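Okay, here's what each chain looks like letter by letter:
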Amino acid sequence: MPEVTKETFRKLTEPAIFTEETSCDCQAPHEKLTISQARRGTPVDRPVRVYADGIFDLFHSGHARALMQAKNLFPNTYLIVGVCSDELTHKYKGFTVMTEAERYEALRHCRYVDEVLPDAPWTLTPDFLEQHKIDFVAHDDIPYSSAGSEDVYKHIKEAGMFVPTQRTEGISTSDIITRIVRDYDVYARRNLQRGYTAKELNVSYINEKKYRLQNQVDRMKEKVRTVEEKSKHFVYRVEEKSADLIQKWEEKSREFIGNFLELFGPDGTWKQVFQERSGRMLSYALSPRESPCNSPPRELSPLRSPSPPSPPTRWHSARPSPPTSPKGASASISSMSEGDEDEK
């Protein structure tokens with residue numbers, strides 16, 4: 001790939017000039033070239049002057065690609081782009097979206113264009129080609145029927161000055177206009193929302209109210225959609241947190257159950273402790289501990305004397321049993337009297 005110099009970069013970034021009379025700086029006489037000569041890079045003293053014309057309404061990538069092909073036809077190419085005026089275009093083709101001044105300015109800012117020729121003719125005459133010292137004309141090879149002619153480039157092709165370019169499928173000014181017409185309601189509603197008046201958009205009073213109502217409905221739908229998205233996000237976060245809590249709870253519960261079984265299970269620590277304590281208590285019950293042999297004897301207090309042993313208690317009946325005989329009765333009476341005497 002050749003190195004891009006400062007001069008080349010300046011030419012690619014600066015807007016193209018407008019044609020006055022002719023911008024050809026070549027002092028030598030303009031000799032007619034063949035395509036093979038131009039592709040070899042001759043003549044050396046001047047670039048090959050290529051002309052491409054069109055309407056270029058709603059300038060798009062299809063236009064730019066066609067001009068790129070025209071610019072890269074030869075090693076040294078000077079590309080002149082002719083743009084038809086509004087009057088000529090409306091007469092032969094139809095109404096345009098952009099004005100001629102807007103279309104001229106759009107072409108001036110295309111990097112492949114060296115010169116813009118405003119108010120270009122609809123049909124190229126030999127005088128026009130000679131006046132601008134044009135070597136070749138670049139356009140797509142499809143016959144262009146217009147102004148009562150089956151192909152306005154027929155005489156250029158017969159003269160050996162026509163170089164074809166390829167169209168870019170899927171993009172054209174007509175396609176863009178078709179999209180706008182198809183989605184007219186959408187664009188009208190959008191521009192009403194941006195501040196354009198119904199008069200500027202050529203919209204009736206009823207359609208204006210309808211579009212504004214639809215805009216309000218769309219705003220409400222957007223709010224509902226936003227709330228739904230936020231709700232889904234909130235529910236997702238709650239579910240995520242719940243899953244984390246459940247997982248932590250399960251881990252803690254398993255840990256708690258394991259600790260419980262370790263303490264109170266069939267072979268747990270608590271059972272061993274209980275068995276050890278039960279064994280010690282049972283041994284204490286079966287063989288009580290003896291008192292120590294070297295315990296001091298119990299001494300009596302000097303202030304208290306030991307009380308004499310009490311005589312055995314004798315139980316007397318409240319009533320003496322009746323005598324069984326007179327002799328026994330007299331004996332009991334005598335014994336009672338002796339007792340009374342003793343008490344006296």
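What counts, and where the lines are drawn
- Residues numbered from 1 in each chain as written.
- Predicted model: local features only at pLDDT ≥ 70, side-chain atom pairs only at ≥ 80, totals over all residues.
- Heavy atoms only, no water.
- Helix = DSSP H or I, 4+ residues; strand = E, 2+ residues; numbered from the N terminus.
- Contact = heavy atoms within 4.5 Å.
- Areas by Shrake-Rupley, 256 points an atom, 1.4 Å probe, with all protein chains shown as cover.
- Buried < 20%, exposed > 50% of the residue type's maximum accessible area, 1.4 Å probe, protein only.
- Pairing = 2+ DSSP bridges.
- Axes fitted to C-alpha atoms, helices over the stretch in contact; angles between N-to-C directions.
- Salt bridge = Lys/Arg side-chain N within 4 Å of Asp/Glu carboxyl O.
- Core = buried A, V, L, I, M, F, W, Y, C linked by side-chain atoms within 4.5 Å.
- Phe/Tyr/Trp six-rings, centres within 6.5 Å; stacked < 30°, edge-to-face > 60°.

(A) Examining the overall build of the chain more closely. Counting secondary structure elements, the chain contains 12 helices and 6 strands. Partitioning the intrachain contacts of the chain with sequence separation of at least 6 by distance along the chain shows that 69% fall at a separation of at least 24. Entry remark: accessible area of the chain is about 26,600 Å², with carbon and sulfur atoms responsible for 56%.

(B) Spatial organisation of unusual backbone geometry. The phi dihedral of L58 is positive, around 50 degrees, even though this residue is not glycine. Judged by relative accessible area, L58 falls into the buried class, the value being 18%. One non-glycine residue, K133, lies in the positive phi region at around 50 degrees. K133 sits in the partly exposed class, given a relative accessible area of 24%.

(C) Broad picture of the sheet that holds strand 3 (residues 77–83). Sheet architecture is open: 6 strands sit in the order 1-4-3-2-5-6, paired in parallel fashion. Of all the strands in the sheet, just strand 1 (17–18) and strand 6 (162–165) have a single pairing partner and so form its edges. Here helix 3 (residues 61–71) sits on the sheet in contact with strand 2 (48–54), strand 3, strand 5 (136–140) and strand 6, set at roughly 145 degrees to strand 3.

(D) Focus on the pattern of salt bridges. Overall, the coordinates contain 11 salt bridges when judged by the stated rule. Where salt bridges share partners, they join D141, D151 and K157 into one cluster.

(E) Seen up close, the nonpolar core. Grouped together as the largest cluster of nonpolar side chains are 22 residues, with contacts concentrated most on L67, V81, L107 and V113. Elements that contribute at least two residues to this core include exactly strand 2, helix 3, strand 3, helix 5 (100–108) and strand 5. For V113, the residues in contact, after removing those within four places along its chain, are A16, L67, L79, V81 and L107. The next biggest cluster of nonpolar side chains, apart from the first, holds 15 residues, and it includes L129, I134, V137 and F162.

(F) Here's a closer look at the packing of aromatic side chains. This structure, assessed with the given rule, holds 5 aromatic pairs. Where Y51 meets F128, the ring centres are 5.5 Å apart and the plane angle is 75 degrees; that geometry is what we call edge-to-face. Taken as a pair, Y51 in strand 2 and F128 in helix 6 (residues 126–131) lie far apart in primary sequence, 77 residues in all. Taken as a pair, Y51 and F128 share a single burial class, namely buried. With 5.2 Å between their ring centres and 25 degrees between their planes, Y92 and W122 make a pair best called stacked. Taken together, the residues span a long stretch of sequence, with Y92 in helix 4 (residues 86–92) and W122 in the loop between strand 4 (115–118) and helix 6 at a distance of 30 residues.

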